[in-house]
Amino acid sequence: AGNRHTLVFDVNTGKQVAKCEMPKDTNDVAFSPNGQLVAGFDTSGEVSVCDAQTGQQLARLNDCDQEGSFISFSPEGRHVVASNWGGAVWAWSTDDWSAEQVIAIAGQYSEGMFLPDGELLLGFTTPNKDQLDRFLAIYDWPPGEDEVRRISVAIDPDHLAFHPRTGRIAVAHYKWLYLHDLLTGEQLHCLECSDVKALAWSPHEERLVRKPGRPPE
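Anyway, here's the lowdown on the structure attached to this text. (Residues numbered from 1 in each chain as written. Predicted model: local features only at pLDDT ≥ 70, side-chain atom pairs only at ≥ 80, totals over all residues. Heavy atoms only, no water.)

## Let's talk about the overall build of the protein chain
Basically, it comes down to this: Secondary structure elements follow DSSP: runs of H or I of four or more residues count as helices, runs of E of two or more count as strands, with numbering from the N terminus. In this setup the radius of gyration rests on C-alpha atoms only. A globule is expected at 2.2 Å times the number of residues raised to 0.38. Partly exposed describes any residue whose relative accessible area lies between the buried limit of under 20% and the exposed limit of over 50%, with all areas from a 1.4 Å probe on protein chains only and scaled to the type maximum. Accessible surface area values rest on a Shrake-Rupley calculation with a 1.4 Å probe, where residue burial reflects the displayed protein chains alone. For the purpose of counting charges, residues Lys and Arg are taken to be positive, whereas Asp and Glu are taken to be negative. His and the chain ends are not included. To locate a charge, the coordinates of NZ of Lys, CZ of Arg, CG of Asp or CD of Glu are taken.
Broken down by element type, the protein chain carries zero helices and 20 strands. Its C-alpha radius of gyration of 17 Å places the protein chain within 12% of the 17 Å reference for a compact globule of 217 residues. By principal-axis analysis of the C-alpha atoms, the protein chain measures approximately 45 × 40 × 35 Å. Within the span of the protein chain, comprising 217 residues, buried residues form 46% of the whole. Accessible area for the protein chain stands at about 11700 Å²; split by element, carbon and sulfur atoms hold 44% of it. Computed over 18 positive and 32 negative side-chain charges, the inter-centroid distance for the protein chain is 8 Å.

## Thoughts on the sheet that holds strand 7 (residues 68–73)
Put simply, the rule reads: In this analysis, strands are considered paired if DSSP registers two or more bridges between them. All axes here are fitted lines through C-alpha atoms, helices being fitted over the stretch that makes contact, and every angle between N-to-C directions spans 0 to 180 degrees.
Sheet architecture is open: four strands sit in the order 7-8-9-10, paired in antiparallel fashion. Both outer strands of the open sheet, strand 7 and strand 10 (99–104), are each paired with one neighbouring strand and no more. Averaged over all adjacent pairs, the angle separating strand axes in this sheet is 20°, with direction ignored. Note that strand 8 (residues 79–84) and strand 9 (residues 88–93) share five bridges and pair antiparallel. Pairing of serine 83 across the sheet is with valine 89, part of strand 9.

These values are about where atoms sit, not about what they do.
See below:
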């Protein structure tokens, strides 16, 4: 992404397939499950949905009001889902682009993902008197009134990575990385490393891959 465009490439040929126009610089992008649509969440809080083959813009959705860093299509592909940094989660129908605020938690939202079983996992930091509560909240999809479960974490959940075979969730913030059992919430490990900018599990082995940022001065 760059110059207010999101570029789509064919991974087999390396050739550019489409150039999708976005209103502002894009924080996050996502493909629909069938690969036909690409959605981008820009720095103004606006969501743009484009045809992944032609780049044609199909919808501009500005209900979020605030910038955020998470956008995804729901597992069945019927909704575009995004969360802003004020703790609000919005869903837009891909049939008519109608909007619904599905979750609202007072606080700062950090990161999120859909789990393989279709549940929605979100990370939050919320004020509680003179301290901050940091937790992962797990919801059914579509969300009901209550969370399925909540896992307390020791750090702002800026980066998340889930390992489906072991059921472990990695949570990273700055130079700290924690591993939790997603089912029980038990903290398994705490690791100190350099400034983490991205996080992923190796698909074939139980190894974490992190992208370090520039070391703090």
